[in-house]
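Structural overview for review
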Amino acid sequence: MERAETAQDPQNGYEEGLLKRSPFHLFMTQIQRIKSSVGKGKHQHSSVIQFFSDLDPGGKKKGETEEEETDLSRPNNQNEKPTLPASAEVSHNISETDLVSGKWKVKQFMKKLGKKPNSKNMDLNNCALNETDLMELSGLLPFLPELEEINLSWNDCIGGTLKPLTLQLHHVNKLKSLRLNNCSLTAEDIASLGEALEIIPFLEELDLSWNTNIGGKLSLLTKKIQKGSKIKILKVIDCNLAAKDGESLAQILNVIHHLKVLDLSINQKIGCSLKSIAQELKNVPGLEELNLHMCGVKKDGLQSLDTAFQYLLELRKLDLSCNREIGRGFEDSAAHLANLKDLEVLDLHQCCVTEEDLAVLTQVIPLLSSLQELNLSSNKNIGMSLDHLLSRLRFLPKLKSVIISNCSLQKASFASLADAALHLPELEILDLSWNKCVGGNLKLLLEALKLATKIRVLILSSCNLAAGDLALLALLMRTGHLAKLQKLDLSYNDTVCDEGWATFYQDLAELKELSELDVSLRPSSCRDCGMWFGKLLTALPEMPAFTELGMQRWVFSGAQQKQLEYFNRDNTRNVRFDYRGQVSVSL
């Protein structure tokens, strides 16, 4: 009966509940309320953290403007400036408050340098950084755990100050690319960087180019590279490397099996240790690019390289240019070159190639079935013998670029090239400059240029062109056969008369994709602009892609110069007129 009465009388039940609650029970209830309030505050704070996790790689929150992002990312207390911890060592367990503050500091740092923040790419190339900036950057790394690329290139005031940064690299252990071109690096910097390699195990690209003070000291870095390194790209261009640096590089080839690109260009002394390097190239069978431009390569070094080629079957680019002492080296060193079936780029310009070398290359080059770019420029001793090689280019249908400037071509060789070009449907770049035989004989190339529907660059500088040659170009333009042309170089052809230029400019407007044209005269010449000037100015407004016109040493009247000066204003364009010539004075 008592239970029934209690159920029927709510008022009695309520009073009984109050009597049963002890003071301790009431105290515990208050504590639970406080915890609930704190929980709500945490939820609000977590929404700020979520904002940063939603940043895309470009640094902006999806669906919001940059201004909204900046406001949301600032700390709630606007009167207090967030500061980094005084100690250089920051705990891995960063609090949410410090993370918010750090993200805001990253944005302020990048804004100061005129850059936009990016969670994966820190590009500070050519930002005039100094030691203070580098210290500040070092303190920001704990707040950039997703960083994959750092580019500090062309900041030559940070040399000797790299250690604080390297000490913090463990915070960005996902780093894949580190570029330090032209930073005036010192031996201490290289040593510090070597120590840091262990804590950035995923590094794939290391570029130390144009740091001339590291020559002779590269071992401070290379001896720290461990077996299993993931480095794929290693560039040390123009670093004044010594022969012992070459030996150090040879030793690490045994531990960087993933290497794809090795660029040692413009290190003349490296040629002395090239034999050691070549012997170890067998350890990097996946190498795709080998650049030895201006490395002092000699005949014996070339022989060692040829032996290595049998292991480099994935090689796609080989640059041996500007090694003048390898002349006559191909006679006994091209046996394995023909095995490079994937080779796409072969650069042998300015190598003092001889007729004996050419006889071997004539047999080898046509076998490189994947070849897309061939550069034989500035090998003046082969002009008389090039016809056989050029005629066999027809067997390389993937060729996109043929550069044979300044090779003393003869008419027979030019005719062989013109005939082979009929079978090069992918041709995009053709450079015949400084070969005088082209002048008066451009008609030999007429049919090939009609078929070259993809050609973008045509360089005929200093070719002794005549009015008839320019008339032929005008015909091709008029019939739409050079529609894709973007760059045309006709400079140093003083042999063309005013009538020839007038004929050429008459149809210039047909080149809708042309962006650059050079008709400059030789340094020792100067001529008045003829009747063609008006036709040129008439054509330019009809060429939407045009941006640059080279007209050095042409002499303009005062009125003509004003027309050039007002052209951009009157036509709402931004064409650069490089004339720097004389202005005739009317008497």
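To be clear, the structure that these remarks concern was listed above.
Thresholds applied
Here the residue numbers are simple positions, counted from 1 along each chain's written sequence. Where local features are concerned, this predicted model is filtered to residues with pLDDT of at least 70; where side-chain atom pairs are given and counted, the filter is 80 or more; whole-chain, interface and lining totals use all residues. Side-chain numbers come from the whole structure's heavy atoms, not from hydrogens or water. Strands are runs of DSSP state E lasting at least 2 residues, helices are runs of H or I lasting at least 4, and numbering of each runs from the N terminus. Remark: exposure states derive from per-residue accessible area (1.4 Å probe, protein chains only) relative to the maximum for the residue type, with buried under 20%, exposed over 50%, and partly exposed in between. Every residue pair with non-hydrogen atoms within 4.5 Å of one another is taken to be in contact. Computed by Shrake-Rupley with a 1.4 Å probe, the accessible areas treat only the displayed protein chains as cover when residues are assessed. Remark: nonpolar core denotes a set of buried residues (Ala, Val, Leu, Ile, Met, Phe, Trp, Tyr, Cys) joined through side-chain atoms within 4.5 Å. Given a helix with a known number of residues, its expected span is that number minus one, times 1.5 Å. In the sections that follow, a salt bridge refers to a side-chain nitrogen of Lys or Arg positioned within 4 Å of a carboxyl oxygen of Asp or Glu. Whenever a nitrogen or oxygen atom comes within 3.5 Å of another N or O atom, the pair is scored as a polar contact, on the condition that within protein one atom can donate a hydrogen and the other can accept it, and that pairs from neighbouring residues in sequence are kept only if both atoms are in side chains.

Digging into the overall build of the protein
The helix and strand inventory of the protein stands at 20 helices and 19 strands. Looking at the 587 residues of the protein, the share that counts as buried comes to 47%. Sequence-distant contacts in the protein: of pairs separated by 6 or more residues, those separated by 24 or more amount to 86%. In the form shown here, the protein has an accessible surface area of approximately 28,200 Å², with 50% of it arising from carbon and sulfur atoms.

Comments concerning the nonpolar core
In this structure, F504 and L508 are the most contacted members of the largest nonpolar core, which totals 164 residues. The element best represented in this core is helix α17 (residues 467-478), accounting for six residues. Non-local contacts of F504, meaning those with residues more than four positions away in its chain, are made with L470, L473, A474, M477, L488, L490 and L517.

Observations regarding α17
The terminal C-alpha atoms of α17, which comprises 12 residues, lie 16 Å apart, in line with the 16 Å expected from a rise of 1.5 Å per residue. Buried within α17 we find D469, L470, L472, L473, A474, L476 and M477. Once α17 finishes, G480 follows within two positions and takes phi at roughly 80°, a positive value.

Regarding helix α10 (residues 243-252)
Buried residues of α10: D245, G246, S248, L249, A250 and I252, and no others. Looking at the packing, one finds that the buried side of α10 touches α9 (219-222), β5 (233-235) and α11 (274-280).

Some words on the pattern of salt bridges
Pairs can form between side chains of opposite charge once their charged atoms are near each other. Tallied over the entire structure, the rule returns 19 salt bridges. One salt bridge connects R179 with E205, and the closest N-O pair in it is separated by 3.2 Å. Of this pair, R179 sits in strand β3 (residues 177-179) while E205 sits in strand β4 (residues 205-207); the two residues are 26 residues apart in sequence, bridging distant segments of the chain. Using a relative accessible area of 12% as the deciding quantity, one classes E205 as buried. Between R478 and D507 there is a salt bridge; the shortest N-O distance is 2.7 Å. Highlighted residues: R478 in helix α17 and D507 in the loop between α18 (498-506) and β15 (516-518), separated in sequence by 29 residues.

Regarding unusual backbone geometry
The backbone of W154 sits at a positive phi, close to 60°, despite the residue not being glycine. You can see W154 is positioned in the loop between β2 (149-151) and α7 (163-167). Using a relative accessible area of 41% as the deciding quantity, one classes W154 as partly exposed. One non-glycine residue, R553, lies in the positive phi region at around 70°.

So, the environment of D469
With respect to the helices and strands, the residue D469 is situated in helix α17. A relative accessible area of 4% places D469 in the buried class. When the C-alpha atoms of D469 and L446 are compared, they prove to be 9.9 Å apart, with 23 residues separating the residues in sequence. Among the polar contacts made by the side chain of D469, one reaches the main-chain amide nitrogen of G440 at a distance of 2.7 Å.

Limitation: the analysis is restricted to geometry and does not speak to function.
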